[in-house]
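Descriptive analysis of the structure
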Amino acid sequence: EVFPARVADIGTNLLLVWSVQFAALGDFYSKRARNIVPALTGAVILVYLGWMLAVGPENARVYPIRFGDFGAFSLGELVLIGNVFIAVGLIAAKRKEFPAQARPFLAILLITFTTGLLLAMPNNNQVDLRILAWHALWHIVGALGFFVLWAFNDTRFNNHQLKG
């Protein structure tokens, strides 16, 4: 894996999650919260990325949480997971303010996040049953999560009625 690609990968994921936090704060929270939360989470993200660049490719691979031979969470993944928890928490805390039609999408979004978290645990090269590439599945589930997030917001803003 090439170091600039690794920095870009985690950096763009962190930017994406930070922007979801920013959007949730803009929709539901006070001006003070809109100023404080993204400043703090953004600072953590920038400190992490700065540290990663400063220590270089050899020393930036730190795995604080290990799952034996099966896999581990790197420091960057933990920063990402923490920021996702904040983003999801900001949205979930205001769930009673959403139209009833949008709430099922929020539940699906939480299930999708949890599934992605579990799929991200194995090593990047962990393949089972010849076709089950765990890390690749994490990316697919993450992409599906953005479709669910889009459906959630579309239903929330446009007040669509669910049929069924």
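Residues numbered from 1 in each chain as written. Predicted model: local features only at pLDDT ≥ 70, side-chain atom pairs only at ≥ 80, totals over all residues. Heavy atoms only, no water.

A full pass over the atoms with the stated rule returns 6 aromatic pairs. When the centroid spacing of 5.3 Å and the interplanar angle of 85° are considered together, the rings of Phe67 and Phe73 count as edge-to-face. For Phe67, a relative accessible area of 27% puts it in the partly exposed group. Classification of Phe73 by relative accessible area gives buried; the value is 7%. Here the aromatic rings of Phe98 and Phe152 are separated by 4.9 Å at their centres, their planes lie at 85°, and the arrangement is edge-to-face. One end of the pair, Phe98, is in the loop between helix H3 (75-92) and helix H4 (103-119); the other, Phe152, is in helix H5 (residues 134-158), with 54 residues separating them in the sequence. Through a chain of ring-to-ring contacts, three or more aromatic side chains come together here, namely Phe28, Phe98 and Phe152. (Phe/Tyr/Trp six-rings, centres within 6.5 Å; stacked < 30°, edge-to-face > 60°. Buried < 20%, exposed > 50% of the residue type's maximum accessible area, 1.4 Å probe, protein only. Helix = DSSP H or I, 4+ residues; strand = E, 2+ residues; numbered from the N terminus.)

Examined against the element boundaries, Arg156 turns out to sit in helix H5. A relative accessible area of 13% means that Arg156 is categorised as buried. A polar side-chain atom of Arg156 sits 2.8 Å from a polar atom in the side chain of Asp27. In this structure the side chain of Arg156 is engaged in a polar contact, spanning 2.8 Å, whose partner is the side chain of Asn153. Look past the residues within four positions of Arg156 in its chain and what remains in contact with it is Asp27, Phe28, Phe98, Pro99 and Ala102. (Polar contact = N/O pair within 3.5 Å; in protein donor to acceptor, adjacent residues only side chain to side chain. Contact = heavy atoms within 4.5 Å.)

So, on to the pattern of salt bridges. Inspection of the entire model under this criterion finds 2 salt bridges. With a shortest N-O distance of 2.8 Å, Arg156 and Asp27 are connected by a salt bridge. Taken together, the positions of Arg156 in helix H5 and Asp27 in helix H1 (residues 3-28) put the pair 129 residues apart, joining distant regions of the chain. Asp27 sits in the partly exposed class, given a relative accessible area of 40%. (Salt bridge = Lys/Arg side-chain N within 4 Å of Asp/Glu carboxyl O.)

Turning to H5, a few remarks are in order. In a regular helix each residue adds 1.5 Å, so 25 residues correspond to 36 Å; H5 covers 36 Å between its end C-alpha atoms and thus fits that length. When we look at burial in H5, the residues that qualify are Trp134, His135, Val141, Gly145, Val148, Leu149, Ala151, Phe152, Thr155 and Arg156. (Expected span 1.5 Å × (residues − 1).)

Take the nonpolar core next. Ranked by size, the top nonpolar core spans 33 residues in total, and within it Ile10, Leu14, Tyr48, Met52, Ile91, Phe98 and Phe152 carry the most contacts. Counting residues per element, this core draws most heavily on H1, which supplies 9 residues. (Core = buried A, V, L, I, M, F, W, Y, C linked by side-chain atoms within 4.5 Å.)

Just distances and angles here, no functional claims.
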